Amino acid sequence: MSKILVMHGPNLNMLGTREPEIYGSTTLADINSMLEAQAAEAGVDTEFFQSNYEGALIDRIQQAPGEGIDFIILNAGAFTHYSIALRDAIASVAVPVIEVHISNVHTREEFRHKSVIAPVVMGQILGFGTDSYAAAMYVAIRKLKG
Ligand code: DQA
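Residues numbered from 1 in each chain as written. Predicted model: local features only at pLDDT ≥ 70, side-chain atom pairs only at ≥ 80, totals over all residues. Heavy atoms only, no water.

Caption draft 1: Region of interest: the overall build of the protein. For the protein, the helix and strand inventory stands at five helices and five strands. In the protein, the succession of α and β elements from N to C terminus is β-α-α-β-α-β-α-β-β-α. Relative to a compact globule of 146 residues, whose C-alpha radius of gyration would be 15 Å, the protein shows 14 Å and is just as compact. With the C-alpha coordinates of the protein rotated into their principal frame, the extents come out at 40 × 30 × 25 Å. Buried residues in the protein amount to 45% of all 146 residues. Across the protein, every contact between residues at least 6 apart in sequence was considered, and the portion connecting residues at least 24 apart equals 76%. (Helix = DSSP H or I, 4+ residues; strand = E, 2+ residues; numbered from the N terminus. Rg over C-alpha atoms; globule rule 2.2 N^0.38 Å. Buried < 20%, exposed > 50% of the residue type's maximum accessible area, 1.4 Å probe, protein only. Contact = heavy atoms within 4.5 Å.)

Caption draft 2: Spatial organisation of the site of the ligand. Close contacts around the ligand come from Arg18, Tyr23, Asn75, Gly77, Ala78, His81, His101, Ile102, Ser103, Val105 and Arg112, and that covers them all. Within the backbone of Ala78, an N or O atom sits 3.1 Å from an oxygen atom of the ligand. One of the side-chain N or O atoms of Ser103 is found 2.6 Å from an oxygen atom in the ligand. The fraction of the free accessible surface of the ligand (320 Å²) that becomes covered by protein chains is 99%. Residues of the shell around the ligand, tallied by class, amount to four nonpolar, five polar and two charged. (Near = heavy atom within 4 Å. Polar contact = N/O pair within 3.5 Å; in protein donor to acceptor, adjacent residues only side chain to side chain. Areas by Shrake-Rupley, 256 points an atom, 1.4 Å probe, with all protein chains shown as cover. Nonpolar A, V, L, I, M, F, W, Y, C, P; charged D, E, K, R; others polar.)

Caption draft 3: Quick peek at unusual backbone geometry. One non-glycine residue, Asn11, lies in positive phi territory at about 70°. Counting through the fold element by element, Asn11 comes out in the loop between strand 1 (3-8) and helix 1 (20-23). We classify Asn11 as partly exposed; its relative accessible area is 39%.

Now the structure itself:
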């Protein structure tokens, strides 16, 4: 069975109470269970991982190929904008990655306009609230099912 790893970076464990005017009131647990159901309907397995630590996210990306992960959906949070180490980790594995953001980073502060991981991901989906994740899951399933 195909397996999709959904990864959430720093502060995304705070969804639900974190700046709800920007990120909404859906919790991370709600997002994960919605994605799990969406994937299960298509006969695809899911794993979920959240960390506030750059190194932990990098370790998980490095482990993905050995764990039979076929696709990664990644919201790297603020690391998106400056973590060359995360970018290098993505580039070091053959597993395709879809970059996700809840908010439209281009309408926000200028430091959020740049994604250092953008050149090494398959594509970006952003600005649709938690539906950004659902749209990424839709694409990942389509790619896996050919
Ligand atoms: C975010 C956007 C980032 O700029 C921010 O640091 C986050 C969340 C988003 O999902 O909109 O933590 O990735």
